[in-house]
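Residues per chain, in single letters:
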Amino acid sequence: MASVPAVKVQDLAYRYGERDALKGISFFVEPGEVFGLLGPNGGGKTTLLRILSTLLLPADGQAQVFGIDVAKDPLGVRRQIGVVFQNQSLDRRLTAAENLVHQGHLYGLRGNILRHRIDRVLDRVGLADRRNSVVETLSGGMRRRLELAKGLLHRPRLLLLDEPGTGVDPGARRSFWDYLQLLRREEGVTILLTTHLLDEADKCDRLAILDEGSLVAQGTPGGLKSEIGGEVVMLTAGDPHALLAELPAGLDIRANVVDGAVRFEHPEGSQLAARLMKELPQRIDSVTVSRPSLEDVFIHMTGHRFRQQAANGDQR
């Protein structure tokens with residue numbers, strides 16, 4: 001018998017007034033996966049996370065956590081999940097251990113059970129030697145790990161992380177991911193995270209890419225990039241639209257102007273770029289040829305880059 005998905009989202013929709021924040025999206029997360037929701041700010045990621053954490057009710061469709069409907073049994077869902085939001089929820093004037101004591105009380109944990117849980121989770125996130133340190137004396141990376149400890153204290157089956165890499169330096173982000181992989185491997189925790197960082201998304205087992213409330217692609221990072229097929233060529237020019245109009249029709253390329261440059265994808269991108277430099281030397285200022293990235297997948301699906309949407313955050 002097939003296992004129940006850790007998360008199942010079917011035709012999920014949500015609206016803020018007249019604006020559709022989620023437009024009937026569907027996907028599932030297998031138990032034990034690290035699953036990423038990738039997209040620019042304003043794409044709908046945080047709204048989706050708030051629905052899965054029972055803070056918002058869907059307008060249409062359905063969302064389940066281990067078979068439990070988030071709208072019909074929110075308390076049952078909360079017993080299954082740990083949540084680490086982007087904005088810190090730590091009391092900066094308390095110690096690491098004191099923050100965890102208060103978190104434990106919210107879940108009805110007391111006495112020896114709570115003390116053992118705190119010892120274990122601090123050890124798990126590498127903060128056992130800082131248990132008595134006041135939070136405001138901890139580094140940003142340590143605070144992020146303490147937030148993770150709060151989310152894990154009651155032993156959830158699913159951990160929801162909202163932009164875990166935001167505001168954390170690259171070294172701390174790498175360490176944080178090491179802890180996530182350890183949790184998945186040794187505790188069997190399923191992890192669902194939102195991110196707009198491409199290097200972070202590349203570490204996930206599978207991804208769902210969101211843009212303006214729609215799911216535009218899903219799959220493994222490698223599989224999504226392989227769908228583009230070949231190389232990505234960017235041609236800069238003083239007048240990119242004029243350059244686009246002058247591309248030889250016989251080359252069989254589908255190019256468009258993205259962020260002020262002519263862009264196309266092709267299995268023989270390097271050879272075509274060399275030919276174009278030879279045939280249009282006065283038009284082309286520079287050429288860049290690269291292997292497909294996740295941002296190229298996003299551009300391929302939407303026609304624009306991540307950062308063009310960055311100013312429009314999820315309405316909360």
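Before reading on, note that the structure itself is shown above.
Residues numbered from 1 in each chain as written. Predicted model: local features only at pLDDT ≥ 70, side-chain atom pairs only at ≥ 80, totals over all residues. Heavy atoms only, no water.

Our focus in this paragraph is the overall build of the chain. Counting its regular elements, the chain contains 11 helices and 14 strands. The principal-axis extent of the C-alpha atoms belonging to the chain is close to 80 × 40 × 40 Å. Each of the 316 residues in the chain was classed as buried or not, and the buried ones make up 50%. Put simply, 69% of the contacts in the chain that link residues at least 6 apart link residues at least 24 apart. Accessible surface, the chain: about 14900 Å² in total, of which carbon and sulfur atoms supply 46%. Considering the chain, the positive charge centre built from 40 side chains and the negative charge centre built from 40 side chains are found 7 Å apart. (Helix = DSSP H or I, 4+ residues; strand = E, 2+ residues; numbered from the N terminus. Buried < 20%, exposed > 50% of the residue type's maximum accessible area, 1.4 Å probe, protein only. Contact = heavy atoms within 4.5 Å. Areas by Shrake-Rupley, 256 points an atom, 1.4 Å probe, with all protein chains shown as cover. Lys, Arg positive; Asp, Glu negative; His and termini not counted. Charge placed at Lys NZ, Arg CZ, Asp CG, Glu CD.)

Ranked by internal contacts, the top residues of the largest apolar core, which has 42 residues, are Leu100, Leu146, Leu148, Leu159, Leu161, Leu180 and Ile191. Look past the residues within four positions of Leu100 in its chain and what remains in contact with it is Leu114, Ile118, Val121, Leu122, Leu146, Ala149, Lys150 and Leu153. Core analysis: the next-biggest nonpolar cluster, separate from the first, contains 30 residues, Tyr16, Phe35, Leu158 and Ala208 among them. (Core = buried A, V, L, I, M, F, W, Y, C linked by side-chain atoms within 4.5 Å.)

Spatially, the 6 strands line up as an open sheet ordered 6-7-8-3-9-10, and their pairing is mixed. Strand pairing shows two members of the sheet lacking a second neighbour, strand 6 (81-84) and strand 10 (214-219), which therefore form its edges. With strand direction ignored, the average angle separating the axes of adjacent strands in the sheet is 15°. By the bridge criterion, 4 bridges tie strand 6 to strand 7 (residues 158-162) in an arrangement that is parallel. Residue Gly82 lies in a different strand from strand 7, and its bridge partner there is Leu159. Sheet strands in contact with helix 5 (residues 140-152) are strand 6 and strand 7, and its direction is about 160° off that of strand 6. (Pairing = 2+ DSSP bridges. Axes fitted to C-alpha atoms, helices over the stretch in contact; angles between N-to-C directions.)

A few words on the pattern of salt bridges. For the structure shown, the criterion picks out 15 salt bridges. The partner of Arg120 in a salt bridge is Glu187, and the shortest N-O contact between them spans 2.6 Å. One end of the pair, Arg120, is in helix 4 (residues 111-124); the other, Glu187, is in helix 6 (residues 170-187), and 67 residues separate them in sequence. We classify Arg120 as partly exposed; its relative accessible area is 42%. Several salt bridges converge on common partners, so that one network encompasses Arg120, Arg124, Glu186 and Glu187. (Salt bridge = Lys/Arg side-chain N within 4 Å of Asp/Glu carboxyl O.)

Of the pockets and cavities examined, the largest pocket occupies roughly 460 Å³. Lining the largest pocket are 24 residues, and of these Val83, Val84, Phe85, Gln103 and Tyr107 lie nearest its centre. Partitioned by chemical class, the residues of the lining of the largest pocket number 8 nonpolar, 10 polar and 6 charged. Considering only enclosed or pocket space, the second largest pocket measures out at about 230 Å³ in volume. Along its surface, the second largest pocket is lined by 17 residues, and Leu152, Arg155, Pro156, Glu187 and Val189 are the ones closest to its centre. Those elements that place two or more of their residues in the lining of the second largest pocket are helix 4 and helix 6. Here the element with the most residues in the lining of the second largest pocket is helix 4; it accounts for 4 residues. The class makeup of the residues in the lining of the second largest pocket is 8 nonpolar, 3 polar and 6 charged. (1 Å grid on protein atoms, 1.4 Å probe; cavity = no way out; pocket = protein on both sides within 12 Å on 5 of 7 lines; lining within 4 Å. Points joined across faces, edges and corners; volume = space filled by probe spheres on them. Nonpolar A, V, L, I, M, F, W, Y, C, P; charged D, E, K, R; others polar.)

What follows is about the pairing of strand 1 (residues 7-16). Alignment of strand 1 against strand 4 (residues 60-65), held across 5 bridges, turns out to be antiparallel. Following the sheet pairing, Val7 is matched in strand 4 by Val65. Pairing of strand 1 with strand 2 (residues 19-29) involves 8 bridges; the strand directions are antiparallel. Bridge pairing in strand 2 links Leu12 to Ile25. What sits between strand 1 and strand 2 in their antiparallel hairpin is a turn of 2 residues, with Gly17 showing a positive phi close to 65°.

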